[in-house]
Amino acid sequence: MAKIIGIGNALVDALYKVESDDIISQLQLQKGGMQLIDCERYNAIRETVKNLPAEFRTGGSAGNATLCFAKLGGNAAFIGKLGRDDKGALFSNERSAQGVTPIELFSELPTGIAMTFITPDGQRTFGTFLGAAVEMTAEELRPEWFEGYEYFFIEGYLVQNHALIETAVDMAHAAGARVCLDLASYNIIREDHAFFEHLLTKTDIVFANEEESLAMTGLEPEAALEALAKVCEIAVVKIGARGAMAMCGTEKCAVPAAKVPAVVDTTAAGDFFAGGFLFALGQGGSLSEALTMGARCSAEVIQVIGTKLDESVWETLRK
């Protein structure tokens, strides 16, 4: 059985369906991006949207990727830091029920919240209050947590904590795991480009979408794929409705995006792609088969609000 362990911001998504981009402009968020917000701004945003209906789901990029991996039939674990509050309990209980083994650290700060605004085009924009997640430190990591796993998955949203990521990567490699990095968001890459360049030299498998690959390399998708594949063993570049490409050594392949009736919410599309890709690869699948599974998982999650798929959908994906 394929095995993965992820590390990331343990977040609960507060999902808001909005009728236009107006609220995003009003809140001064970058459409399609992820912006970190402090407690004061988080409370101000909550006040602004207090009359809008919201759904709460467990989230976080690495958490979602490991969730997908587990639901496909893999062995998954997740390292994250929670508050001792109702949102922390929600995160822990839901992830456990979904088959992900939680490796939990705790803080007196509240559990992190990702304020997620979903526009009619299905695009999602995040204002993220990290809360307890921001207190996770390198000193809290334990080498034995990484033993026995084939893959170690890092979300780019966590990369601002350089010491934590460096320590985790070194522990994972020492345990024999392949390091997988999702670049996560174009604005995060721009703000910390030099460290991302350094981290890629320690990365075995990298995932990026079109905007992220451009921010990382300054190149259009196919050229960006080739540039990333010169640094990492496997590079994957997702190009939205046109599908995805992957490259390993001199092998290059592409798959079209799976067709869907309508895009409801793109939250976790990239996370589920990564989870599906790594699961198929861990089962001995080819690069093309891994791309296809990633595309299938991504297509399913963009048809629902949040990340909760019917069990019948998971059963179909497993078959």
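The coordinates are above.
Residues numbered from 1 in each chain as written. Predicted model: local features only at pLDDT ≥ 70, side-chain atom pairs only at ≥ 80, totals over all residues. Heavy atoms only, no water.

A. Examining the pattern of salt bridges more closely. Tallying each qualifying case throughout the model produces 17 salt bridges. Arg-84 is the partner of Glu-108 in a salt bridge, and the nearest nitrogen-oxygen pair spans 3.2 Å. Here Arg-84 lies in the loop between strand E5 (75–83) and helix H4 (86–97) and Glu-108 lies in the loop between strand E6 (100–107) and strand E7 (112–118), a separation of 24 residues in the sequence. With respect to burial, Glu-108 and Arg-84 carry one shared label: exposed. One salt bridge connects Glu-166 with Lys-202, and the closest N-O pair in it is separated by 2.7 Å. Taken as a pair, Glu-166 in helix H5 (residues 162–174) and Lys-202 in the loop between helix H7 (193–200) and strand E11 (205–209) lie far apart in primary sequence, 36 residues in all. Several salt bridges converge on common partners, so that one network encompasses Lys-71, Glu-311, Glu-315 and Arg-318. (Salt bridge = Lys/Arg side-chain N within 4 Å of Asp/Glu carboxyl O. Helix = DSSP H or I, 4+ residues; strand = E, 2+ residues; numbered from the N terminus. Buried < 20%, exposed > 50% of the residue type's maximum accessible area, 1.4 Å probe, protein only.)

B. Summary view of the side chain of Thr-266. Inspection of the secondary structure puts Thr-266 in the loop between strand E14 (251–255) and helix H10 (269–282). A polar atom in the side chain of Thr-266 sits 3.5 Å from the side chain of Gln-123. (Polar contact = N/O pair within 3.5 Å; in protein donor to acceptor, adjacent residues only side chain to side chain.)

C. Highlighting the pairing of strand E10 (residues 178–182). Judged by how many residues are buried, E10 sits mostly within the fold: 4 of 5 residues are covered. Between the parallel elements strand E9 (residues 151–155) and E10, the chain passes through H5 in a crossover that is right-handed. Strand direction decides the pairing type here: E10 and E11, joined by 3 bridges, are parallel. Residue Leu-181 lies in a different strand from E11, and its bridge partner there is Val-206. (Right-handed = clockwise from strand over helix to strand, strands pointing away. Pairing = 2+ DSSP bridges.)

D. Highlighting the side chain of Asp-13. Within the element layout of this structure, Asp-13 appears in strand E2 (residues 11–17). Buried charge without a salt bridge: Asp-13, with Arg-95 as the nearest opposite-charge side chain at an N-O distance of 6.9 Å. Discounting residues that sit within four places of it in the chain, Asp-13 has contacts with Glu-55, Phe-56, Arg-57, Thr-58, Gly-59, Gly-60, Ala-114, Thr-116 and Thr-267. (Lys, Arg positive; Asp, Glu negative; His and termini not counted. Contact = heavy atoms within 4.5 Å.)

E. Here's a closer look at the sheet that holds E11. The 9 strands lie next to each other as E6-E5-E1-E9-E10-E11-E12-E13-E14, forming an open sheet whose pairing is mixed. A single partner strand is all that each edge strand has here, and the edge strands are E6 and E14. The average angle at which neighbouring strand axes cross in this sheet is 15°, direction not considered. As paired elements, strand E1 (residues 3–7) and E5 share 5 bridges and run parallel to each other. Considered in E5, the bridge of Ile-4 is made with Ala-76. (Axes fitted to C-alpha atoms, helices over the stretch in contact; angles between N-to-C directions.)

F. Up close: the sheet that holds strand E3 (residues 34–36). Spatial ordering of the open sheet is given by E3-E8-E7-E2-E4, a layout of 5 strands whose pairing is mixed. Each of the sheet's edge strands pairs with one partner strand only, and the pair in question is E3 and strand E4 (55–59). For this sheet, the mean angle separating the axes of adjacent strands, direction not counted, is 25°. Sheet topology places E3 next to strand E8 (residues 124–129); 3 bridges connect them, and they run parallel. Bridged to Gln-35 within E8 is Gly-127. Where helix H2 (residues 39–48) meets the sheet, it contacts E3, E7 and E8, and its direction lies at approximately 45° from that of E7. Packing against the sheet, H4 makes contact with E2, E4 and E7, and its axis sits at approximately 60° to E4.

G. Just the packing of helix H3 (residues 61–71) against H10, in detail. As a packed pair, H3 and H10 sit with axes 7 Å apart at the nearest point and diverge in direction by 40°. The angle between H3 and H10 falls in the class oblique. Classified by chirality, the crossing of H10 by H3 is right-handed. Facing Ser-61, Asn-64, Ala-65, Leu-67, Cys-68 and Phe-69 of H3, the residues of H10 in contact are Asp-271, Phe-272, Gly-275, Gly-276, Leu-278 and Phe-279. Here the residues of the contact of H3 with H10 are counted per class, giving 7 nonpolar, 4 polar and 1 charged. (Parallel < 35°, antiparallel > 145°, perpendicular 65-115°, else oblique. Left-handed = near helix turned anticlockwise from the far one by under 90°. Nonpolar A, V, L, I, M, F, W, Y, C, P; charged D, E, K, R; others polar.)

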